[in-house]
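Coordinates in review
For reference, the chains in residue letters:
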Amino acid sequence: RPRRARHVGAPQGEGNNGTSKVTHGAPGQQWSRVLRGGAGVGAAASVVASLVSAEAGASTDTIYFGTHTRAAELLVGAALALAFPLTRAVAVSLRVQRRLVPVGLVAAVVLIGAWVTVNQQEAWLYRGGFAGHAVVVAALMAAAAVPGRIGQVLAWRPLRLVGLVSYGLYLYHCHILEHEDMGM
């Protein structure tokens, strides 16, 4: 059931003539669309920044650690969070759910293949590749957000436990790789 919007000069949920009036989107949904659009524009700007930085000869460290060049990944996640907020159920049509399942499966295969085969020093990663990775992860997360096997697999307890400590694992593995590069 659509939410009723508040209209200026009328009691909440009523039009100026005293009749019920339903809008084509609650104010919160409209802001969500605006913010998703802003996240998309910001992500595109971040990809452009990484391309410009790479063409200007910036080091991979500068591109990898630069907020301006890596904001795309955060903004893709923000757009996904706005599309599928955890605070309320999101009505997704059965048709969309059916389309998300194969998209999620392809995303899972692409991610696993990339994690196994892609070297972190490959130049294309620093020219928008990390943002592309974020889009593929977002596709997998969108597929996991609707009822189905993908969400069930990702809700497997060992995977959830890894998720709880993932940032710590990331920080720890960086030091291991650093010492490995030094020959330790």
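Described below are features of the structure shown in this document. All figures in this text were calculated on a predicted structure; none of them were measured in a lab.

Our focus in this paragraph is the side chain of Ser 46. By the secondary structure assignment, Ser 46 is in helix H1 (residues 27-55). In this structure, Ser 46 is in contact with His 68, Thr 69, Arg 70, Ala 71 and Ala 72, ignoring residues within four places of it in sequence.

Their axes nearest at 8 Å, the elements helix H4 (residues 94-117) and helix H5 (residues 129-145) cross at an angle of 140 degrees. On the basis of the axis angle, H4 is oblique to H5. Crossing of H4 over H5 shows left-handed handedness. Contacts from Leu 100, Val 103, Gly 104, Ala 107, Ala 108, Val 110, Leu 111 and Trp 115 in H4 reach His 133, Val 136, Val 137, Ala 139, Leu 140, Ala 142 and Ala 143 in H5. By residue class, the composition of the contact of H4 with H5 is 13 nonpolar, two polar and no charged.

So, about the nonpolar core. Counting residues in hydrophobic clusters, the biggest one holds eight residues: Leu 100, Ala 107, Leu 111, Leu 140, Ala 142, Ala 143, Val 146 and Ile 150. Every element with two or more residues in this core is listed here: H4 and H5.

Here the focus is the layout of surface pockets. Considering only enclosed or pocket space, the largest pocket measures out at about 2,000 Å³ in volume. What lines the largest pocket is a set of 42 residues, among which Tyr 64, Trp 115, His 133, Tyr 170 and His 173 lie closest to the centre. For the lining of the largest pocket, the secondary-structure elements that each account for two or more residues are helix H2 (60-65), helix H3 (67-83), H4, H5, helix H6 (149-154) and helix H8 (166-181). Per-class residue counts for the lining of the largest pocket are 26 nonpolar, ten polar and six charged.

This paragraph deals with the pattern of salt bridges. Across all of its chains, the model carries two salt bridges by this definition. A salt bridge links Arg 127 to Glu 55; the nearest nitrogen and oxygen atoms lie 3.5 Å apart. In this pair, Arg 127 is assigned in the loop between H4 and H5 and Glu 55 in helix H1, connecting sequence segments 72 residues apart. On the basis of relative accessible area, Arg 127 is assigned to the partly exposed category, the value being 35%. Judged by its relative accessible area of 63%, Glu 55 is exposed.

Another point: the packing of aromatic side chains. Across all of its chains, the model carries four aromatic pairs by this definition. Seen from their ring centres, Tyr 64 and Phe 130 are 5.5 Å apart, and the 70 degrees between their planes marks the pair as edge-to-face. In this pair, Tyr 64 is assigned in helix H2 and Phe 130 in helix H5, connecting sequence segments 66 residues apart. As far as burial versus exposure is concerned, Tyr 64 and Phe 130 are alike and both buried. Ring centres of Tyr 126 and Phe 130 lie 5.2 Å apart, and the angle between their planes is 85 degrees; on these two criteria the pair is classed as edge-to-face. There is no split in this pair, since Tyr 126 and Phe 130 are both buried. What links up through ring pairs into an aromatic cluster is the set Tyr 64, Phe 65, Tyr 126 and Phe 130. Positioned above the aromatic ring of Tyr 64 is the side chain of Arg 70, whose terminal nitrogen or guanidinium carbon lies 4.3 Å from the ring centre.

The rules we used
- Residues numbered from 1 in each chain as written.
- Predicted model: local features only at pLDDT ≥ 70, side-chain atom pairs only at ≥ 80, totals over all residues.
- Heavy atoms only, no water.
- Helix = DSSP H or I, 4+ residues; strand = E, 2+ residues; numbered from the N terminus.
- Contact = heavy atoms within 4.5 Å.
- Axes fitted to C-alpha atoms, helices over the stretch in contact; angles between N-to-C directions.
- Parallel < 35°, antiparallel > 145°, perpendicular 65-115°, else oblique.
- Left-handed = near helix turned anticlockwise from the far one by under 90°.
- Nonpolar A, V, L, I, M, F, W, Y, C, P; charged D, E, K, R; others polar.
- Core = buried A, V, L, I, M, F, W, Y, C linked by side-chain atoms within 4.5 Å.
- Buried < 20%, exposed > 50% of the residue type's maximum accessible area, 1.4 Å probe, protein only.
- 1 Å grid on protein atoms, 1.4 Å probe; cavity = no way out; pocket = protein on both sides within 12 Å on 5 of 7 lines; lining within 4 Å.
- Points joined across faces, edges and corners; volume = space filled by probe spheres on them.
- Salt bridge = Lys/Arg side-chain N within 4 Å of Asp/Glu carboxyl O.
- Phe/Tyr/Trp six-rings, centres within 6.5 Å; stacked < 30°, edge-to-face > 60°.
- Lys NZ or Arg CZ within 6 Å of the ring centre and 35° of its normal.

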